[in-house]
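# Structural characterization, general
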Amino acid sequence: MLDAFFNWLLDQQLLISSAIMFLLLLERKLLSQLSARLVYTLWALLPISLLLANLPEHLKPIQNDFISKLTITPNTAIMPQFTLTWFAIYGFISAVLLITAVYFHYRFLAKLQLAPITLDQHSNQSMRLYQSNQVSSPMVVGVINTKLVLPTNYQSHYNSHALALILEHESVHIKRKDNLINAIALSATILLWFNPVAWLGYASLRRIQELSCDEQVLKNKSTEQRILYSKALVHCASFSRTGLMAYSQYGDKNTMLQRLNQIKQIDNSSFIAKTALVIFTMGILSSFAIAKQPMSVEKTKDYQAVMRVEPIYPIQAAEQGISGSVVLKYDILPSGATSNVSVVSAEPEGVFNREAKRALKQWQYAPSESGFKNALVQLDFALDENYQAKDLIEKIKVSSK
C-alpha cells in the first residue's frame, strides 16, 4: 500500500534528517579529529535508529487499562471527487527516478565492451581485471558480481607503483561491497527525493566512503608512497564520471582537495575524540531503544480533554468502503498538550494511522501539575452508524480469591 508507506516515511523525516545532519557535521567539521573509517561506519546509525524507533508497539506491555474511544465518519459534503492524490504523485516521481537510475546503469554497462587482462606483477590480486576504451580512470563496476575495469591505455597513465596503489584502493571497495552499499543508499535517497537533506547525505556518504578507502590504503605506507598515491588520485579525478550510478568515483575538484587534505592528517586523529563519539552514539541508540517504554501512572480518565480535533476520513478509504480502527498511545504534558504520539495497533494496517496521529497531536487537555504518561485512545473510522468496531487491545481483569 503506497499511501501507508508514504505516511510512514513522512513520519520518519525528523529522525532521518537529524541523523543525516549529525553525520554531515562529523564530515565537515570534525573529520580532522576523527577517523574517516569510523565516520563511514557510523552511517549504520541511520538504519539502526530507524529500526529502534519503529519497534512494534505490540511487543511492549500496556499498563494503562483505560482506553477512551471516538468514532469518526466521513464528511461527504467536502470530499473531493477525484482519485489522484499526493501519494500517487510521490509514487510516480519515485518510479521515474528509479527507472532512470537503472536505465543509465545498464546503458553504461552495455557500452563498456570489457576485455579481460592479466597483470603479472599483480597476479596475487583476487579481483577480476578488465579493460575498456569507454572508461578514462579505474572503476569497479557491478553491484553483486563486481569487476575492476582499467582504461585501455592504462600503461601510459600509471607506472607500476602507482598502479599497485590504485588497485589496492579499488580492492578495498570490492572487499567492503561499497557498490552494493551505494546502490542501497541511492535507492533510499530516491525514495526520499522530496527531502533535500537526503541528497546532501548521499553526497556526503560517497565522499566519506572515498576518504575511508584512502585511509585504509595508506595506513602503513611511507611518505613517498602517499605522495605517489596523491598524484595518482589527482590524475584519476580529472577523468572521473559522476551521475546517478552506484559505482565508486574519484569525485570533483572540491572532493579531491578534501581527500588530499585528509591524507595529510591520516595519523592525526584523536583517540579521545573517537572514544567520545562512540560513547555519544551508543547513548543516542540507547535512547531510541528505551524512549517508548511505558510508565505506571494515575488513571487517564481523571484528565478531561478541553479540545479534540477530529481526524479527516482518508479519501481513498471512503471511496473503497474501508472502515477500521487505530489505537494510539500518547503523553499529556503539564500544559495539557499531547506529545510522543505513536500507533499501538491498527486494523487495517497503515490506512488511518497518519490522519489519526495528525489529529491527536492537536488535542488539548486541562493543565495539570505532573501531566500523564501513556494515555490510550481508540479511534474508530466508520462509514456508517451500523459499523461495530472491535477493541484492538484485549483487556483482562485478574482478581485474587
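Before reading further, recall that the structure is shown in the block above.
The sections below set out a description of the structure shown in this document. (Residues numbered from 1 in each chain as written. Predicted model: local features only at pLDDT ≥ 70, side-chain atom pairs only at ≥ 80, totals over all residues. Heavy atoms only, no water.)

### Looking at the layout of surface pockets
- Taken as a whole, the second largest pocket encloses approximately 600 Å³ of empty space.
- Of all the elements in the fold, those that place two or more residues in the lining of the second largest pocket are helix H1 (2–11), helix H2 (13–29), helix H3 (36–41), helix H4 (45–53), helix H8 (178–191) and helix H9 (196–217).
- Per-element tally for the lining of the second largest pocket: the top contributor is H8, with six residues.
- Looking at the lining of the second largest pocket residue by residue, the classes come out as 20 nonpolar, three polar and no charged. (1 Å grid on protein atoms, 1.4 Å probe; cavity = no way out; pocket = protein on both sides within 12 Å on 5 of 7 lines; lining within 4 Å. Points joined across faces, edges and corners; volume = space filled by probe spheres on them. Helix = DSSP H or I, 4+ residues; strand = E, 2+ residues; numbered from the N terminus. Nonpolar A, V, L, I, M, F, W, Y, C, P; charged D, E, K, R; others polar.)

### Re the packing of H2 against H4
- Direction vectors running N to C along H2 and H4 enclose 150°, while the axes themselves pass 10 Å from each other. Considering their axes alone, H2 and H4 lie roughly antiparallel with respect to each other. In terms of crossing hand, the pair formed by H2 and H4 is right-handed. Counted together, Leu-15, Ile-16, Ala-19, Ile-20 and Phe-22 of H2 and Leu-45, Leu-46, Ser-49, Leu-50 and Ala-53 of H4 form the full contact between these two elements.
- Its residues assigned to classes, the contact of H2 with H4 shows nine nonpolar, one polar and no charged. (Axes fitted to C-alpha atoms, helices over the stretch in contact; angles between N-to-C directions. Parallel < 35°, antiparallel > 145°, perpendicular 65-115°, else oblique. Left-handed = near helix turned anticlockwise from the far one by under 90°. Contact = heavy atoms within 4.5 Å.)

### Some points on the packing of aromatic side chains
- For the structure shown, the criterion picks out eight aromatic pairs.
- Ring plane angle 70° and centroid distance 5.7 Å describe the contact between Tyr-313 and Phe-381, whose orientation is recorded as edge-to-face. Within this pair, whereas Tyr-313 is found in the loop between strand S6 (305–307) and helix H13 (315–319), its partner Phe-381 is found in strand S10 (residues 372–381), the two being separated by 68 residues in sequence. With respect to class, Tyr-313 is no different from Phe-381; both count as buried.
- Ring centres 6.2 Å apart and planes at 35° place the aromatic pair Tyr-330 and Tyr-365 in the tilted group. Here Tyr-330 is found in strand S7 (residues 324–332), whereas its partner Tyr-365 is found in strand S9 (residues 364–365), with 35 residues between them in sequence. Each member of the pair, Tyr-330 as well as Tyr-365, is classed as buried. (Phe/Tyr/Trp six-rings, centres within 6.5 Å; stacked < 30°, edge-to-face > 60°. Buried < 20%, exposed > 50% of the residue type's maximum accessible area, 1.4 Å probe, protein only.)

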